[in-house]
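Now for the letters of each chain:
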Amino acid sequence: MQFSAEVLNAARALKNLARNEQVKTYIQESPELYPLLLKAAQRYITGESREEGLLKAQQLLSKGYRVSLEFIGENTSNREECARAKDEYVALINEMGQFPQSSTVSFDLSHLGLSINRQLAYDYLCELGKTAKQYNVTLMISMEESAKTDAILDIYKRAVQHYSNIGLTIQAHLYRSVQDIQELLNYPGKIRLVKGAYQESTEVAFGRSEALNQQYLALLTTLIEAKHPVSIATHDEGLIREMITREFLNKKHVEVEMLYGIRADLLKELKNQDVKTGVYLTYGKEWYLYLCHRIAEFPPNVYRALNDITSDSDTEINSY
Ligand code: FDA
């Protein structure tokens, strides 16, 4: 679907607003705005509690999907809050470890201390790696804005040498990802390939374009030819059809993941063709940035958000 320049500018503005910590705090602390916008967020998040996340995860597992669960949050600059987030993740891993199927836990390192210092995030990551190693649980580090890419790569490379159950997300929109992927082939962790959600300057990244789609396919081809474990994380139907033509999707080390609430129809179609398919689920109270990104990526979602705010139904799970 093509959008006008005006709509694309509004989407860019929303992505910039998403990173404004004052707006985020204002909404989270507002007794009027928080519950109202939560209704719009609920299309994309499972709920505010771990129990809600685990319940949806079990429902999806029973339908034959893989699941990845995130306790949502980022840019945490308070030590106690980082420690609480880490404890929440330990509890989540222990509960997901009881699932009969293997599952994944995903997180932003800036939720786990990166906004304070690298060592803290590294230490917490290793603690989670050690906990997850007892079970069939994979940890996936999310990728944040480009100012943090070096730090995130550095922490991943150090930790994965001790815990091979840790994987990393790479954004195809960054020009540097061509070199980064070459280097990451030397490490065992799974790579989750995404286009990139953050608003970046044209000095470092492609915008949504044919050039970005070509870079996505080129990076994916590198990973597939190297037989590296990879998650194809996109809702782009055109790209997925191209991957089917290239016979990329039925390989043992390849899976397709989509965000909860987006293109369930397409994911279901792939699952029915025996492609390994996974749903990325989130829970928690810090959904503001996540909601902004989901609306900015597909501006008609603003109408869905308005509808969701004025209705009470939560039937997204039935689409899978
Ligand atoms: P694109 O944005 O070009 O959209 C292609 C088509 O998909 C659209 O035309 C529309 O049909 C559909 N679509 C896309 N988004 C939609 C939406 N919100 N609502 C409805 N339809 C939509 N990013 C990041 O920077 N760091 C990270 O760690 C992650 N992690 C991550 C994990 C997983 C499992 C997924 C699927 C995605 C991420 N992302 C991410 C987000 C990612 O970078 C990207 O912003 C979104 O996936 C949207 O990009 P698409 O690849 O879908 O293509």
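The preceding data block contains the structure.
Below is a summary of the structure that appears in this document. (Residues numbered from 1 in each chain as written. Predicted model: local features only at pLDDT ≥ 70, side-chain atom pairs only at ≥ 80, totals over all residues. Heavy atoms only, no water.)

Things to note about the overall build of the protein chain
On a plain count of helices and strands, the protein chain comes out with 13 helices and 8 strands. Compactness check: the protein chain gives a C-alpha radius of gyration of 18 Å against a globular reference of 20 Å for 320 residues, within 12% of the reference. Seen through its principal axes, the protein chain has C-alpha atoms that stretch 50 × 45 × 45 Å. Taking contacts inside the protein chain between residues at least 6 apart in sequence as the whole, the part at least 24 apart equals 74%. (Helix = DSSP H or I, 4+ residues; strand = E, 2+ residues; numbered from the N terminus. Rg over C-alpha atoms; globule rule 2.2 N^0.38 Å. Contact = heavy atoms within 4.5 Å.)

Some thoughts on the sheet that holds strand β8 (residues 277–283)
Within the closed barrel, the 8 strands sit side by side as β1-β2-β3-β4-β5-β6-β7-β8. Their pairing is parallel. For this sheet, the mean angle separating the axes of adjacent strands, direction not counted, is 25°. Bridge analysis of strand β7 (residues 254–259) against β8 gives 4 bridges, and the strand direction is parallel. Paired with Leu 259 across the bridge in β8 is Tyr 280. Running at roughly 165° to β8, helix α4 (residues 50–62) makes contact with β1 (66–71) and β8 of the sheet. Sheet contacts for helix α7 (residues 149–160): β3 (137–141) and β4 (166–171); angle to β4, the most-contacted strand, approximately 155°. (Pairing = 2+ DSSP bridges. Axes fitted to C-alpha atoms, helices over the stretch in contact; angles between N-to-C directions.)

Here's the deal with the pairing of strand β5 (residues 191–194)
The two faces of β5 match: Ile 191 and Leu 193 on one face and Arg 192 and Val 194 on the other face are all buried. With 4 bridges connecting them, β4 and β5 associate as parallel partners. Bridging from a neighbouring strand, Gln 171 pairs with Val 194 of β5. What joins β4 to β5 is helix α8 (residues 177–184), and the crossover it makes is right-handed. (Buried < 20%, exposed > 50% of the residue type's maximum accessible area, 1.4 Å probe, protein only. Right-handed = clockwise from strand over helix to strand, strands pointing away.)

Regarding the pairing of β1
Most of β1 sits out of view: 5 of its 6 residues are buried. Here 6 bridges tie β1 to β8, and the two strands are oriented parallel to one another. By the bridge assignment, Leu 69 is partnered in β8 with Leu 281. Note: β1 against strand β2 (residues 103–107), 3 bridges, orientation parallel. By the bridge assignment, Leu 69 is partnered in β2 with Val 105.

Points about the layout of surface pockets
In this structure, the second largest pocket spans a volume of roughly 340 Å³. Lining the second largest pocket we find 17 residues, and of these Phe 71, Arg 84, His 111, Lys 285 and Glu 286 sit closest to its centre. The element best represented in the lining of the second largest pocket is helix α5 (residues 79–96), accounting for 4 residues. For the lining of the second largest pocket, the class distribution of residues is 4 nonpolar, 5 polar and 8 charged. (1 Å grid on protein atoms, 1.4 Å probe; cavity = no way out; pocket = protein on both sides within 12 Å on 5 of 7 lines; lining within 4 Å. Points joined across faces, edges and corners; volume = space filled by probe spheres on them. Nonpolar A, V, L, I, M, F, W, Y, C, P; charged D, E, K, R; others polar.)

A closer look at the environment of Glu 200
Relative to the helices and strands, Glu 200 is located in the loop between β5 and α9 (210–225). For Glu 200, a relative accessible area of 17% translates into the label buried. Here the alpha-carbon distance between Glu 200 and His 173, two residues 27 residues apart in the chain, equals 8.9 Å. For Glu 200, the residues in contact, after removing those within four places along its chain, are Glu 145, Ser 146, His 173, Leu 174 and Ala 205.

Regarding the side chain of Thr 234
Along the chain, Thr 234 falls in the loop between β6 (230–233) and α10 (237–245). Judged by relative accessible area, which is 5%, Thr 234 ranks as buried. A polar contact is formed between the side chain of Thr 234 and the backbone nitrogen of Asp 236, at a distance of 3.0 Å. Residue contacts for Thr 234: discarding those within four places in its chain leaves Lys 195, Tyr 216, Leu 239, Ile 240, Met 243, Glu 257 and Met 258. (Polar contact = N/O pair within 3.5 Å; in protein donor to acceptor, adjacent residues only side chain to side chain.)

That is the geometry; function is a separate question.
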